[in-house]
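Letter by letter, the chains look like this.
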Amino acid sequence: MKIVVIGGTGLIGSKVAAKLRARGHEAVAAAPNTGVNTVTGEGLAEALSGAAVVVDVANSPTFEEGAAMAFFQAAGKNLIEAEVAAGVQHHVALSVVGSERLTAMGYFKAKLAQEDIVRSSPVPYTLVRATQFFEFVRAIAQSATEGDLVRLPHAPIQPMAAEDVASAVAEAALAGPTNGMAEIAGPEAFFLDELVARVLKHDRDPRRVVADPAARYFGIELTEQSLIPGPRPRLGSTRLDWWLANAPPPPQR
């Protein structure tokens, strides 16, 4: 099949495209740096010509609510219109576990709007919601740093490796559309503060993590359910210790 991966040069998209090619499919990486812009529509018709499946893993360039909403609404509308014109048979979109519980941050309102566009489209679809990625744990630490302290809530989280996210998305693309949503998560559950502390310890980072009930997660007050999937998610296979031992080292602070 010809499968177009929107955001196909990014962290997840590049892995999805590689996995699809390894299975013998024609995977086209579509992104602004390959001449495809979903916000303006530039290059979409040409990229989608002859495609059976479109996988959308593109992300807003900013978490600011207005800009993120504008991105997902424009990109979603243009993409669906181009898919209908090209006769695409399956739209797969990557979203975020718990988005409806995280709307204190406007970015997640934008993700929910993206999901609504997909659900209301005439194109058969599959939504894949993922938990937080291991690859962003250091960014969580940075966002919560105050001097030499990292203040975080003691909230459950079940993060996963980007490689496992890509595997699940690629498999969804090769299966038939479900016209529904599936959740994916890592094989281990942690508390957010303890997860970040383990990663910083591995990095020999001198910052100290403090569990603070008043601390926020990117400005969001978390509950016990905010960052974890519902019952029976599909679980990735990559454990934190393996990822820490095998992932590229962090950049120097």
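Our structure's up above, just so we're on the same page.
Residues numbered from 1 in each chain as written. Predicted model: local features only at pLDDT ≥ 70, side-chain atom pairs only at ≥ 80, totals over all residues. Heavy atoms only, no water.

(A) Highlighting the nonpolar core. Ranked by size, the top nonpolar core spans 48 residues in total, and within it Ile6, Leu48, Leu192, Val196, Leu222 and Leu240 carry the most contacts. At the level of secondary structure, the elements contributing two or more residues to this core comprise β1 (2–6), α2 (44–48), α3 (65–86), α4 (106–120), α5 (137–143), β7 (149–152), α7 (192–202) and α8 (240–246). Sort the elements by how many residues they give to this core and α3 lands first, with 6 residues. Sequence-distant contacts of leucine 192, that is, excluding residues within four places in its chain, are made with Ile140, Leu152, Pro153, Ala155, Ile157, Tyr217 and Leu222. Counting residues in hydrophobic clusters, the runner-up holds 26 residues, among them Val57, Val128, Ala162 and Val165. (Core = buried A, V, L, I, M, F, W, Y, C linked by side-chain atoms within 4.5 Å. Buried < 20%, exposed > 50% of the residue type's maximum accessible area, 1.4 Å probe, protein only. Helix = DSSP H or I, 4+ residues; strand = E, 2+ residues; numbered from the N terminus. Contact = heavy atoms within 4.5 Å.)

(B) Fine view of helix α6 (residues 162–174). Taking 1.5 Å as the rise per residue, α6 with 13 residues should run 18 Å; its terminal C-alpha atoms sit 19 Å apart, in good agreement. With 10 of 13 residues buried, α6 lies mostly within the body of the structure. All buried positions along α6 are accounted for by Ala162, Asp164, Val165, Ala166, Ser167, Ala168, Val169, Ala170, Ala172 and Ala173. Contacts made by the buried residues of α6 are with α1 (11–22), β3 (53–56), β4 (90–96), β5 (125–130), β9 (180–185) and β12 (234–235). (Expected span 1.5 Å × (residues − 1).)

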